[in-house]
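Coordinate inspection notes
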Amino acid sequence: MVKKKKACLISGGGSWGAFGGGTLQKINNNYDKIIGVSTGSLLAPMAAIREWEALKFAYTSVNDDDIFDKCWYKGKPLNKKGKIRKFPIIMTLLLGQKSICTSNALRKTIDGFYTQEFFDELQYQNKEVLVGTQNFAQSPSQIHYFSSKNESFEDFKDWVWSSACFPFFTSLVKKGWKDENGNFHVGQWSDGGLSDLVGLKQLNGGYKEIDIILHRVKPEIMFEGNKVENLMENVTTSISAMRHDIEFEYFYDEIKDLNKHGARVRVFWLPRKPSPNSMIFNRKEMSEWWEEGYETAFDANRVEIFEPTKKKF
């Protein structure tokens, strides 16, 4: 009997990744390939080898200081309500800096949780993890995917870090890479979720069971109620509008195409918006989200199932 190839795709979502982590633990599937962008790239390597307790500890024991570098003249970029603080913006503009914060702390956090042993186990089990990151040095800017099978341990961690760096808030990671023709370039890398929701186009056929973990609630039309009270909220709302178009314009069409090739696709949504802003990292909240993600994984309001298209004779 031919084994059915299984794949999982994980979206970005910052601290809400704890919710997706709990969901993945409950699903507990033995995937052949996992594709991750942003927080999805942080979840993917250990989810691929089902190291659930280590992954849970990583996502429920961190706070803002494990993600953002401390900067005495700026302070934290967000207040407790998830609103962007004005002073860090002013200081960033005055100093001509590229981002509100830097994220070397995140790279050290990755070092602390993702060990050589985990990476070696990924190779031993012949699993593949792809992480997507956006190259800002390229014009037009494009997302590129890097495979755990083609990268060294340290390079792979760099690509995970790059993918998880959110634009405006965290560093642009400067790192060299080779294009498909083997030519070397130096890139400036950021959030892989900026232009690709989950990397559906990276599935190269043959996968019959596909799970998609979205750190999003199902899109709903709301005619009023979104408050825009200052310049930064105007900017972030504009970005949100553009990202919605990018993320969902072809999402369901791509799923239908997978169905035509015999794939059964399950989409796991968030049942609610966990917090006002996914860029706040709170240990207590993230622990609760992990448990909620685990307990509600298969709730009807969270899961959409798309069956393979029946062949016409």
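Residues numbered from 1 in each chain as written. Predicted model: local features only at pLDDT ≥ 70, side-chain atom pairs only at ≥ 80, totals over all residues. Heavy atoms only, no water.

1. Things to note about the environment of Asn301
Inspection of the secondary structure assignment puts Asn301 in the loop between α10 (283-295) and β9 (303-306). Relative accessible area serves as the criterion here: at 45%, Asn301 is assigned to the partly exposed category. In the structure, Asn301 is positioned 30 residues away from Pro271 in sequence and 6.5 Å away in space, judged by C-alpha atoms. Apart from residues lying up to four places away in sequence, Asn301 is in contact with Lys218 and Pro271. (Helix = DSSP H or I, 4+ residues; strand = E, 2+ residues; numbered from the N terminus. Buried < 20%, exposed > 50% of the residue type's maximum accessible area, 1.4 Å probe, protein only. Contact = heavy atoms within 4.5 Å.)

2. Some remarks on the side chain of Thr109
By the secondary structure assignment, Thr109 is in helix α5 (residues 104-113). According to the relative accessible area criterion, Thr109 is buried, its value standing at 13%. Excluding anything up to four places from it in sequence, Thr109 contacts Val62 and Asp66.

3. Here we look at the nonpolar core
Counting residues in each nonpolar core, the largest one holds 57 residues, and the members touching the most others are Ile10, Leu24, Ile34, Leu55 and Tyr114. Apart from residues lying up to four places away in sequence, Ile10 is in contact with Leu24, Ile34, Ile35, Gly36, Val37, Gly40, Leu43, Ala44, Val198, Ile213 and His215. Within the second largest apolar cluster, 24 residues are counted, among which are Ile35, Ile143, Leu203 and Ala263. (Core = buried A, V, L, I, M, F, W, Y, C linked by side-chain atoms within 4.5 Å.)

4. Quick word on the packing of helix α1 (residues 17-27) against helix α3 (residues 52-60)
Two quantities define a packed helix pair, namely the angle between the axes and the distance from one axis to the other. One way to put it is that α1 packs onto α3 with a least axis distance of 10 Å and a crossing angle of 165°. Taken together, the axes of α1 and α3 lie roughly antiparallel to each other. The chirality of how α1 crosses α3 is left-handed. Taking contact as the criterion, the partners of Gly17, Ala18, Leu24 and Gln25 in α1 are, on α3, Trp52, Glu53 and Tyr59. (Axes fitted to C-alpha atoms, helices over the stretch in contact; angles between N-to-C directions. Parallel < 35°, antiparallel > 145°, perpendicular 65-115°, else oblique. Left-handed = near helix turned anticlockwise from the far one by under 90°.)

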